[in-house]
Structure formats: C-alpha cells, structure tokens
Amino acid sequence: MVKCYTHNIIKNLTLKSLDIFVSIGLNIPIMKFFIIGLLFLIIGVNSLNAVTLYAVANGNWNATSTWSTSNGGGAGTVIPTAADAIIINGGHVVTVNVNNAVALSLQIG
C-alpha cells in the first residue's frame, strides 16, 4: 500500500515557514504570499503526471469507452483532464458534448 505524505509535508513546511517569518519579523501578508506560492509549486509538480489519451472509438468526450492510454488499445476508465495530451487519429469521431471539456493539448489526424 502506498502512503501519501503530501499533507504532512505541507503542514511541516507551513509551520517551519511560520517560524522563519516570525523570527525575521516579516508581516502576515508576506507570509501568506509565500505559503500560497509554495502550494502552487507543489500542485504544479503534480501536473507533471500528464497522460496521453488516444481516441479508440467513436464517442462522446466524457465517455470512458472513447479513450485509451495506448494507441489502438482497449478502452480505459478515464476521461481527459487538463493535464492530459489528447490524440484523435483518423477514423474516429469524438463529440464534445460537455461545456467543460479540457486537455493539455489536442492532436487530430
């Protein structure tokens, strides 16, 4: 079983950051700016886990039966997110049936 330590890391960094800011006399707004920046950095590192999804069947954007993580592979259990690269090869029609369809990139053909 894999454990996620992100919460403890953020908590420890936040508490240590608070101690540093208090010890050097910086005010609360600057401390908040630092902590928010740190959180964005951590979130940004998580987006490095982008997946390439391939359209493997005709279907809707939000249908798991449309997408696979391998070209020509079986349909998966995922739909595209803002972190995913999308490839729609010739012969497949994907209907964007939602207003919030997102992708990191889109390649058609």
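The structure displayed is predicted, hence computed values, not measured ones.

Student: Tell me what's going on with the overall build of the chain, and back it up with residues and numbers.
Tutor: Counting its regular elements, the chain contains two helices and six strands. Each helix and strand of the chain, placed in order from N terminus to C terminus, yields the pattern α-α-β-β-β-β-β-β. Buried positions account for 19% of the 109 residues belonging to the chain. Put simply, 39% of the contacts in the chain that link residues at least 6 apart link residues at least 24 apart. Accessible surface for the chain amounts to roughly 7600 Å². Of this, 64% is attributable to carbon and sulfur atoms.

Student: Go over the pairing of strand β1 (residues 52–55) with me, naming the residues and quoting the values.
Tutor: Here three bridges tie β1 to strand β4 (residues 85–88), and the two strands are oriented parallel to one another. Bridge pairing in β4 places Leu53 opposite Ile86. Inspection of the sheet shows β1 paired to strand β3 (residues 67–68) by two bridges, in the antiparallel sense. Each bridged residue has a counterpart across the sheet, and for Tyr54 the counterpart in β3 is Ser68.

Student: Run through the packing of aromatic side chains, naming residues and quoting values.
Tutor: Summed over the entire model, instances satisfying the criterion amount to one aromatic pair. Residues Trp61 and Trp67 carry aromatic rings whose centres are separated by 5.4 Å and whose planes lie at 75° to one another, so their mutual orientation is edge-to-face. As far as the burial class goes, Trp61 and Trp67 line up, both buried.

Student: Which residues make up the nonpolar core, and what values go with them?
Tutor: One recurring pattern in soluble globular proteins is that nonpolar side chains are buried together. Judged by nonpolar contacts, Leu53, Ala55, Trp61, Trp67, Ile86, Ile88 and Val94 together constitute the single largest core of seven residues. Of all the secondary structure elements, the ones that give two or more residues to this core are β1 and β4. Filtering out sequence-adjacent residues up to four positions away, Val94 remains in contact with Ala55, Gly59, Asn60, Trp61, Thr66, Trp67 and Ile88.

Student: Break down the environment of Gly76 for me, with residues and values.
Tutor: Tracing the chain through its elements places Gly76 in the loop between β3 and β4. Taking the C-alpha atoms as reference points, Gly76 and Ala63, separated by 13 residues in sequence, lie 9.6 Å from one another. Those residues in contact with Gly76 that lie beyond four places of it in its chain are Thr64, Trp67 and Ser68.

What counts, and where the lines are drawn
- Residues numbered from 1 in each chain as written.
- Predicted model: local features only at pLDDT ≥ 70, side-chain atom pairs only at ≥ 80, totals over all residues.
- Heavy atoms only, no water.
- Helix = DSSP H or I, 4+ residues; strand = E, 2+ residues; numbered from the N terminus.
- Buried < 20%, exposed > 50% of the residue type's maximum accessible area, 1.4 Å probe, protein only.
- Contact = heavy atoms within 4.5 Å.
- Areas by Shrake-Rupley, 256 points an atom, 1.4 Å probe, with all protein chains shown as cover.
- Pairing = 2+ DSSP bridges.
- Phe/Tyr/Trp six-rings, centres within 6.5 Å; stacked < 30°, edge-to-face > 60°.
- Core = buried A, V, L, I, M, F, W, Y, C linked by side-chain atoms within 4.5 Å.

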